[in-house]
Amino acid sequence: MSKNPFSDVTYSILDLAVITEGQSPADAINNSRNLARHAEDWGYTRFWMAEHHNMENIASSATSVLLGHVAEATESLRIGSGGVMLPNHSPLIIAEHYGTLATLYPNRIDLGLGRAPGTDQKTAQAIRPDRIQQVQQFPQNVKQLQQYFSPDNSSADVRAIPGEGTEVPIWILGSSTDSAHLAAALGLPYVFASHFSPQQLHAALQVYREKFEPSKQLDEPYVMPCVNIVVADTDEQANFLSTSLKQMFMGVVTGNRDPMPPPVDDMNTVWNLPTKMAVEQMLKYTFVGSKETVREELSGFVAKTAADEIMTATYIYDHDQRLKSHRLLSEIMNSQ
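In this text the structure is predicted, and so the values were computed from the model without any measurement. (Residues numbered from 1 in each chain as written. Predicted model: local features only at pLDDT ≥ 70, side-chain atom pairs only at ≥ 80, totals over all residues. Heavy atoms only, no water.)

1. Structural notes on the overall build of the chain
Phase 1: In terms of helices and strands, the chain carries 12 helices and nine strands.
Phase 2: Relative to the compact-globule value of 20 Å for 336 residues, the chain shows a C-alpha radius of gyration of 19 Å, a close match.
Phase 3: Taking the principal axes of the C-alpha coordinates as reference, the chain spans close to 60 × 50 × 40 Å.
Phase 4: When the 336 residues of the chain are sorted by exposure, 54% land in the buried category.
Phase 5: Taking the contacts inside the chain whose residues are at least 6 apart along the sequence as the reference set, 75% of them involve residues at least 24 apart.
Phase 6: Summed over its atoms, the accessible surface of the chain is roughly 14,700 Å², and 49% of this surface lies on carbon and sulfur atoms.
Phase 7: The chain carries 25 positive and 38 negative side-chain charges, and their two centres are separated by 3 Å. (Helix = DSSP H or I, 4+ residues; strand = E, 2+ residues; numbered from the N terminus. Rg over C-alpha atoms; globule rule 2.2 N^0.38 Å. Buried < 20%, exposed > 50% of the residue type's maximum accessible area, 1.4 Å probe, protein only. Contact = heavy atoms within 4.5 Å. Areas by Shrake-Rupley, 256 points an atom, 1.4 Å probe, with all protein chains shown as cover. Lys, Arg positive; Asp, Glu negative; His and termini not counted. Charge placed at Lys NZ, Arg CZ, Asp CG, Glu CD.)

And the structure:
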C-alpha cells in the first residue's frame, strides 16, 4: 500500500460567507456556521474567515463577529481570520476583538494579518482615510499587536482588556515576497494567497524559508498555501460545479460583485477570451475533479511547495455539494 502523501500535512478551510444568487446574507452566514460544524467532524484543523467590504457576494465584513458565531457552534476547531486587513484598523481594537474571542474560546483563536484593503479604493478611503500611511506602518503595527497580547504589557499605559496575556498566534498573509520577508523576520507562520495570486508563490516560499528567524511563537518555518478545490464523484461533475467559481472570479476581473451564480454547461457562453485568460491565470492553483484526480494533482503541489498545511477555498453554488466537496477532500487527506 502506498504511503499517504498527505500524512504530515494538516488541512483547513478559508471561508468568505459567499452569498449565492437567491440567498440572503443570513443564509450565507448560516451556511458558513453549518460548514464549520461539519469541518470539525471531518478533521479540519482551522476554519478561517476573510475581511471584505462593499461586496454583494461576500458577507464576512465584520469578521470577528462571524468568528464568534462559528466558534460558539464548534468545540475544538481553530477559528481565525484569513485575514484581518490590519491597515483598516487600530491595532488596539483588533487586540481587544481577538483577545475577547480568545478569552471566550481559549487556545482556539488565530489571527491572520494582511495589508491589502479587502475592497476597492473608494471604499478603502471610507474605511480609513489615512490607510496608505498605515500600510507603511504594517510591520510596526504587527509588533504592537504582539505587545498588546503579551502578559508583559501589564505595566503599559495602554492595555488590551480582554486580550492581554492571551498571546493569540499571529500569522502573516501575503501574495508577494514583501510579506515573505516580514514573516521571516518576525518568525511567524506564513500563509500565501495562491488561490487568487499565484505568480510569486515559489519565490516567496524560498525567501521565507531562507530568511526565517526563530521567535517565541515559532521555532522553524511554517507554510500554509491557500488553493481552490472542488471535488465531486466524477471529473465531469466537478468541472460543472467549478463554473460557479470561474464566474465569481470573472466578477473579480470585470468588477462585477453580484452574488455567485449557479453553474453553467459551457463557460464559453459567459466569458470572452481575454477574461478567460485572466481568470485562468488567477486560478493556476485550483484543483478540480474526482477524488483520484484531486489526490494526484494536490499531492504534486504539496511535494513541490513542501507545505506544512493546506488551506482550501471551495466556492460551490449548492451548499450540499459544497459540504460534499469538503468531505471528499477530508477523505483524500486521510487516504492511504
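Moving on, there is more to tell.
2. A few points about the pattern of salt bridges
Phase 1: Taken as a whole and assessed by the stated rule, the structure comprises 10 salt bridges.
Phase 2: For D233, the salt bridge is made with K324, and the minimal N-O distance between the two is 2.6 Å. Placement of the pair is D233 in the loop between strand 7 (223-231) and helix 9 (235-254) and K324 in helix 12 (residues 319-333), with a sequence separation of 91 residues.
Phase 3: The exposure class of D233 is exposed, given its relative accessible area of 54%.
Phase 4: In the salt-bridge network here, residues are joined through shared partners; they are R46, R78, D110 and E309. (Salt bridge = Lys/Arg side-chain N within 4 Å of Asp/Glu carboxyl O.)

3. Re the packing of aromatic side chains
Phase 1: The tally for this structure, following the rule as stated, stands at nine aromatic pairs.
Phase 2: Aromatic ring contacts, followed pair by pair, group Y190, F192, Y208 and F212 into a single cluster. (Phe/Tyr/Trp six-rings, centres within 6.5 Å; stacked < 30°, edge-to-face > 60°.)

4. Examining the environment of A36
Phase 1: Secondary-structure assignment places A36 in helix 1 (residues 25-41).
Phase 2: Linking A36 and F47, residues 11 residues apart in sequence, is a C-alpha distance of 6.5 Å.
Phase 3: Among residues more than four places away in sequence, those in contact with A36 are F47, V70, T74 and L77.

5. Remarks on the side chain of R46
Phase 1: Counting through the fold element by element, R46 comes out in strand 2 (residues 46-49).
Phase 2: By relative accessible area, R46 is classed as buried at 8%.
Phase 3: Dropping the residues within four chain positions of it, R46 is found in contact with Y11, S12, I13, L77, R78, D110, W171, Y222, M224, E309 and M311.

6. Section: the packing of helix 9 against helix 10 (residues 273-282)
Phase 1: Running from amino to carboxyl end, helix 9 crosses helix 10 at an angle of 105 degrees, the nearest separation of the two axes being 9 Å. By the angle class used here, helix 9 and helix 10 are roughly perpendicular. Packed against helix 9, whose contacting residues are K246, F249, M250, V252 and V253, the element helix 10 presents T275, A278, V279 and M282 at the interface.
Phase 2: Of the residues contributing to the contact of helix 9 with helix 10, the split by class is seven nonpolar, one polar and one charged. (Axes fitted to C-alpha atoms, helices over the stretch in contact; angles between N-to-C directions. Parallel < 35°, antiparallel > 145°, perpendicular 65-115°, else oblique. Nonpolar A, V, L, I, M, F, W, Y, C, P; charged D, E, K, R; others polar.)

7. Remarks on helix 1
Phase 1: Under the 1.5 Å per step criterion, the end-to-end length of helix 1 is 25 Å for 17 residues, consistent within 8% with the ideal 24 Å.
Phase 2: Within helix 1 the residues assigned to the buried category are A28, N31, S32, L35, A36, A39 and E40.
Phase 3: Next to the buried residues of helix 1 lie strand 1 (10-15), strand 2, helix 2 (63-73) and helix 12.
Phase 4: Directly beyond the C-terminal end of helix 1, a positive phi value near 85 degrees is found at G43. (Expected span 1.5 Å × (residues − 1).)

8. Details of the pairing of strand 5 (residues 170-174)
Phase 1: Across the five residues that make up strand 5, a large majority, five, are buried.
Phase 2: Residue alternation in strand 5 divides its side chains into two sets, I170, I172 and G174 and W171 and L173, and both sets are buried.
Phase 3: With three bridges connecting them, strand 4 (residues 109-114) and strand 5 associate as parallel partners. Bridge pairing in strand 5 places L113 opposite I172.
Phase 4: Pairing geometry for strand 5 and strand 6 (residues 190-192), over three bridges, is parallel. Across the sheet, residue I172 finds its bridge partner in strand 6, namely Y190.
Phase 5: A crossover links strand 5 with its parallel partner strand 6, the connecting element being helix 7 (residues 177-186), and its sense is right-handed. (Pairing = 2+ DSSP bridges. Right-handed = clockwise from strand over helix to strand, strands pointing away.)

9. Points about the nonpolar core
Phase 1: The biggest cluster of nonpolar side chains holds 73 residues, and the ones touching the most others in it are L111 and L298.
Phase 2: Residues in contact with L111, not counting those within four places in the same chain, are S81, V84, I94, Y98, L145, F149, V168, P169, I170 and W171.
Phase 3: Formed by 25 residues, the second largest nonpolar core is a distinct cluster that contains L16, A50, L245 and V279. (Core = buried A, V, L, I, M, F, W, Y, C linked by side-chain atoms within 4.5 Å.)

10. With respect to the pairing of strand 1
Phase 1: The buried fraction of strand 1 amounts to five of the six residues, a majority that puts the element mostly inside the structure.
Phase 2: Inspection of the sheet shows strand 1 paired to strand 9 (residues 309-313) by four bridges, in the parallel sense. Note that in strand 9 the partner of I13 across the bridge is T312.
Phase 3: Strand direction decides the pairing type here: strand 1 and strand 2, joined by three bridges, are parallel. Opposite L14, over in strand 2, you have W48 as the bridge partner.
Phase 4: Traced from strand 1 through helix 1 to strand 2, the parallel crossover comes out right-handed.

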